[in-house]
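Analysis of the macromolecular model
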Amino acid sequence: MDKKYRLPICIGAAVLGLAFSVFSHILLIPVLALAGYMAACWGAAYLIPVEAAAAAGMLLWFGPDPGAIALLCSFLLCPVILTVYYKKKLPHRYAVLALAVILCLGNYLSVSLEPMLKGDPPYAAVVESWETVILPSLSKIAGDASALDSVSAIIPDVLMPGTILLSEGLALALVLFFKLCHRIFRTEPRKMAKFSAWRLPKTAIPGCLIMAVGIALVYILRAAQANAIAFSIIIMIASLFSIQGLSYLFFVFEIGKAGGGVRVVLFAMVLFTFPYSLIFLSFLGIREQIQKRRAAIIKYLDATKEMSRLEKRADEYAKYGYIRETEEDDEKKDGGDAGQNE
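Report on the accompanying structure. A quick note: this is a predicted structure, and the numbers were derived from the prediction, not measured.

So, how was this worked out
Residues numbered from 1 in each chain as written. Predicted model: local features only at pLDDT ≥ 70, side-chain atom pairs only at ≥ 80, totals over all residues. Heavy atoms only, no water. Helix = DSSP H or I, 4+ residues; strand = E, 2+ residues; numbered from the N terminus. Buried < 20%, exposed > 50% of the residue type's maximum accessible area, 1.4 Å probe, protein only. Contact = heavy atoms within 4.5 Å. Areas by Shrake-Rupley, 256 points an atom, 1.4 Å probe, with all protein chains shown as cover. Core = buried A, V, L, I, M, F, W, Y, C linked by side-chain atoms within 4.5 Å. Phe/Tyr/Trp six-rings, centres within 6.5 Å; stacked < 30°, edge-to-face > 60°. Axes fitted to C-alpha atoms, helices over the stretch in contact; angles between N-to-C directions. Parallel < 35°, antiparallel > 145°, perpendicular 65-115°, else oblique. Left-handed = near helix turned anticlockwise from the far one by under 90°.

Turning next to the overall build of the protein. A tally of regular secondary structure across the protein gives 13 helices and zero strands. Seen in sequence order, the protein has helices and strands lined up from the N terminus as α-α-α-α-α-α-α-α-α-α-α-α-α. When each of the 342 residues of the protein is scored for burial, the buried share is 34%. In the protein, the proportion of contacts linking residues at least 24 apart, taken out of those at least 6 apart, comes to 71%. Total accessible area on the protein stands at roughly 20,800 Å², and carbon and sulfur atoms take up 69% of it.

In structure tokens form, the structure reads like this:
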């Protein structure tokens, strides 16, 4: 890209960062991804105006609120993490994991830090906002909202699991927007493995067993907020294996040469049947992690392809009395000769 366009783009990103930091933190995510791209590909100096604008917007609007400062710090670290992961050529999954941890910490502290400093439970502010602001507003819109009165009782148990799910989604969105910036500005990004090839490391099953023991200890020791801690750990396990389960389905569609519409329908079904779809995909992911079906399918297809090739050569020999050399045979022969020469 021509360098004369870089400064206007940086200024535009700073203006958007200022606006979205006040009105929509979700819309701030693409701006942070763009800031990470500019720092990684154009220079760290391009990161400063965007982060300064985002910080100014949040501080001017929310003031010296401890929760807002915690959220701001997590947002400001996101472009830095993207830059480091790109410069150090780290795997994409490490970037997603680091971003998810930072965003989860920032999002959770943004609603729980101030109550905890006052000596209240971490969920106190969320419950108060629900009962005094959100519920009355829903009552005005829908009329009778008495069915939602019980939501206050489950907020302590779902606050942390919900924060984890939100943070994982935002972290993945940051990496995808970062790659989109490469496409927009026509630069060469590092190759990311196809989604159909995504797999968890070999330590995933032992790690989940350890976390399951942790869940049991939480109840045995009768820890405070035991349900919230257990749900949070379960959400972490389920979300990891559900991604692997979804990637396995994409692999099956790829092998079966299914059209793009099938993938769209799958995504729609996952969204509309949540959280039941999370359970189903987690089961697929765990089974794939144990049985390694993708590797077995690939091995079988390769063997079938080789058998078909040998049968064709045998038929050709029976018909003509000789076998014509193909480009593939020449390459294999050249490779074998090169190995013997070495």
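Text resumes after the structure shown.
Inside soluble globular proteins, nonpolar side chains tend to come together where they are buried. Grouped together as the largest cluster of nonpolar side chains are 37 residues, with contacts concentrated most on Met38, Phe75, Leu99 and Leu174. For this core, the secondary structure elements donating two or more residues are α1 (6-23), α2 (25-41), α3 (47-62), α4 (66-87), α5 (92-117) and α7 (151-184). Setting aside residues no more than four positions away along its own chain, leucine 99 makes contact with Cys78, Ile81, Leu82, Ala171, Leu174 and Val175.

A few words on the environment of leucine 34. Of note, leucine 34 is situated in helix α2. For the pair leucine 34 and proline 79, spaced 45 residues apart in sequence, the C-alpha separation works out to 8.1 Å. Residues in contact with leucine 34, not counting those within four places in the same chain, are Ile9, Ala13, Cys181 and Phe185.

Before going further, it helps to examine the packing of aromatic side chains. Applying the stated rule across the entire model yields seven aromatic pairs. Between tyrosine 37 and phenylalanine 178, the ring centres sit 6.4 Å apart and the planes meet at 65°, which makes this aromatic pair edge-to-face. Taken together, the positions of tyrosine 37 in helix α2 and phenylalanine 178 in helix α7 put the pair 141 residues apart, joining distant regions of the chain. Among the residues examined, tyrosine 37 registers a relative accessible area of 0% and is labelled buried. In this structure phenylalanine 178 comes out as buried when scored by relative accessible area, which is 1%. Summarising the aromatic geometry, the rings of tyrosine 37 and phenylalanine 185 are spaced 5.2 Å apart at their centres and angled 15° between planes, so their arrangement reads as stacked.

With that out of the way, let us pick up the packing of α3 against α4. Direction vectors running N to C along α3 and α4 enclose 170°, while the axes themselves pass 10 Å from each other. When the axes of α3 and α4 are compared, the pair comes out roughly antiparallel. The way α3 lies across α4 gives a crossing that is right-handed. Here Leu47, Glu51, Ala54, Ala55, Met58, Leu59 and Phe62 of α3 come into contact with α4, specifically with Ala68, Ile69, Leu71, Leu72, Phe75, Leu76, Pro79 and Val80.

Of note, glutamate 288 is situated in helix α11 (residues 276-291). A residue is classified by how much of its surface remains accessible, and glutamate 288, at 2% relative accessible area, is buried. Discounting residues that sit within four places of it in the chain, glutamate 288 has contacts with Arg199, Gln244, Tyr248, Arg293 and Arg294.

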